[in-house]
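Results of the structural survey
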Amino acid sequence: MASHDLIVALGDTRYRIERPFGTWPKNAGFVTDVTVDARDHVFVMLRHDSQTQPDDPRVIELAPDGSYLNGWGGADIADSHMMTVDPQGNIIVVDRDMHEVIWFSPNGDRLGQLGTRGQPRTPFNHPTDVSVSAWGDIYVSDGYGAPHVHRFSADGAHLQTWGSHGAEDGQFVWPHAIWTFADGRVAVVDRTWNRVQVFDGEGKHLQTWGDFYQPVGIWGDAEGRAYVTDMVPSLTLIGPDGARLGRCRPMLNGAHGLFGTSTGDIYLAEGNPSRISVLRRIAE
């Protein structure tokens, strides 16, 4: 059988595409996001029909080589949307239609939450994503029913909400994903308007990155660069100053989420077909 070695370039870096990565039980839902902890364990988020598959796992834990370790979350997560990992290694899950952001241990033990489960506008209205900043504040993009970003302290106290409905700076229709950079910037994927808006930690608009087609996910590296997926489909690299540094097409129909590792590899969460693709950095 023929073998095709797929190589993509993003800025000055080349990657070899490996897929599908990881194994987990069949009929376990479709992939919607991915995150990686400090051990290089890979956590894959799966979406199910919460009525017909209420107990199937929503989060799958994989070893660095992709072997299956654990699955959990069916009893706690109804509508898997996005997730991330905090500095302590806990997994934070956005349960979109339950209006809740939930903290779990790496083993799936529920530790706490923001929002009131099943209660919209307390304060979330179908939230989309969450980011824990280097300065400790927690930011939630919100989302499918609201044009907001919410800011919380490290202990969960609500500090601020910004954003309104519209197309101007600081306005949103569909804030779909969020990332915080160590230099204090907060980047929000503004999917409806094909852009990413950049703010300071208190919501002051700093910059807008355009020329996307329905941007979906965002991840930032230690150098302050942003990696943005959209529905072209493409993966775009943006420098800290907003300069477009590169673009490639490493997925088939789009990646709903993505996350990178300290070694420079990038994991993509593809929903159609449902799989994880890995961009393995090729040494120069």
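Quick look at the structure, then. (Residues numbered from 1 in each chain as written. Predicted model: local features only at pLDDT ≥ 70, side-chain atom pairs only at ≥ 80, totals over all residues. Heavy atoms only, no water.)

1. Section: the overall build of the protein
Check the secondary structure of the protein and you find zero helices and 27 strands. The dimensions of the protein, computed from C-alpha atoms along their principal axes, are 55 × 45 × 30 Å. Expressed as a percentage of its 284 residues, the buried residues of the protein come to 56%. The contacts of the protein with a sequence gap of at least 6 include a subset with a gap of at least 24, amounting to 41%. Here the protein has roughly 11900 Å² of accessible surface; of this, 47% comes from carbon and sulfur atoms. For the protein, the distance from the average site of its 23 positive side-chain charges to the average site of its 36 negative ones is 5 Å. (Helix = DSSP H or I, 4+ residues; strand = E, 2+ residues; numbered from the N terminus. Buried < 20%, exposed > 50% of the residue type's maximum accessible area, 1.4 Å probe, protein only. Contact = heavy atoms within 4.5 Å. Areas by Shrake-Rupley, 256 points an atom, 1.4 Å probe, with all protein chains shown as cover. Lys, Arg positive; Asp, Glu negative; His and termini not counted. Charge placed at Lys NZ, Arg CZ, Asp CG, Glu CD.)

2. Some details on the pairing of strand β27 (residues 274–281)
Counting buried positions along β27 gives six out of eight residues, so the element sits mostly inside the fold. In terms of strand pairing, strand β2 (residues 13–18) meets β27 through four bridges, oriented antiparallel. Across the sheet, residue I17 finds its bridge partner in β27, namely L279. Across six bridges, the pairing between strand β26 (residues 266–271) and β27 is antiparallel. Within the sheet, the bridge partner assigned to E270 lies in β27 and is R275. Between the end of β26 and the start of β27, which pair antiparallel, lie two residues. (Pairing = 2+ DSSP bridges.)

3. Focus on the nonpolar core
I218, Y227 and I276 are the most contacted members of the largest nonpolar core, which totals 55 residues. The dominant element in this core, judged by the number of residues it contributes, is strand β4 (residues 42–47), at five residues. Excluding residues that lie within four positions of it along the chain, I276 makes contacts with E18, R19, P20, F21, W24, V31, V34, V44, Y267, L268 and A269. (Core = buried A, V, L, I, M, F, W, Y, C linked by side-chain atoms within 4.5 Å.)

4. Some points on unusual backbone geometry
Note the cis peptide between R19 and P20, where omega equals -5°. The residue P20 is located in the loop between β2 and β3 (30–36) in this model. A cis amide bond links T122 to the next residue, P123, at an omega of -5°. Tracing the sequence through the fold places P123 in the loop between β10 (110–114) and β11 (127–132). Its identity as a non-glycine residue notwithstanding, H126 has a phi of 60°, on the positive side. Relative to the assigned elements, H126 resides in the loop between β10 and β11. Phi at N194 is positive, roughly 55°, even though this residue is not glycine.

5. What to know about the sheet that holds strand β14 (residues 158–162)
Spatial ordering of the open sheet is given by β11-β12-β13-β14, a layout of four strands whose pairing is antiparallel. A single partner strand is all that each edge strand has here, and the edge strands are β11 and β14. Across the sheet, the axes of successive neighbouring strands diverge by a mean angle of 20°, strand direction being ignored. Summarising the sheet, β11 and strand β12 (residues 138–142) pair through five bridges and their orientation is antiparallel. (Axes fitted to C-alpha atoms, helices over the stretch in contact; angles between N-to-C directions.)

6. Notes on the packing of aromatic side chains
Scanning the entire structure with this criterion turns up twelve aromatic pairs. Centroid distance W179 to F259: 5.9 Å. Interplanar angle 70°. Geometry classified as edge-to-face. Linking W179 in strand β17 (residues 175–180) with F259 in strand β25 (residues 255–260), this pair joins segments that are 80 residues apart in sequence. Grouping residues by exposure puts W179 and F259 together as buried. Taken together, the ring pairs in this structure connect W135, Y139, W162, F172 and F199 into an aromatic cluster. The ring of F181 carries R185 above its face, with NZ or CZ at 4.2 Å from the centroid. It is R244 that lies over the ring of F212; its NZ or CZ is 5.1 Å from the centre. (Phe/Tyr/Trp six-rings, centres within 6.5 Å; stacked < 30°, edge-to-face > 60°. Lys NZ or Arg CZ within 6 Å of the ring centre and 35° of its normal.)

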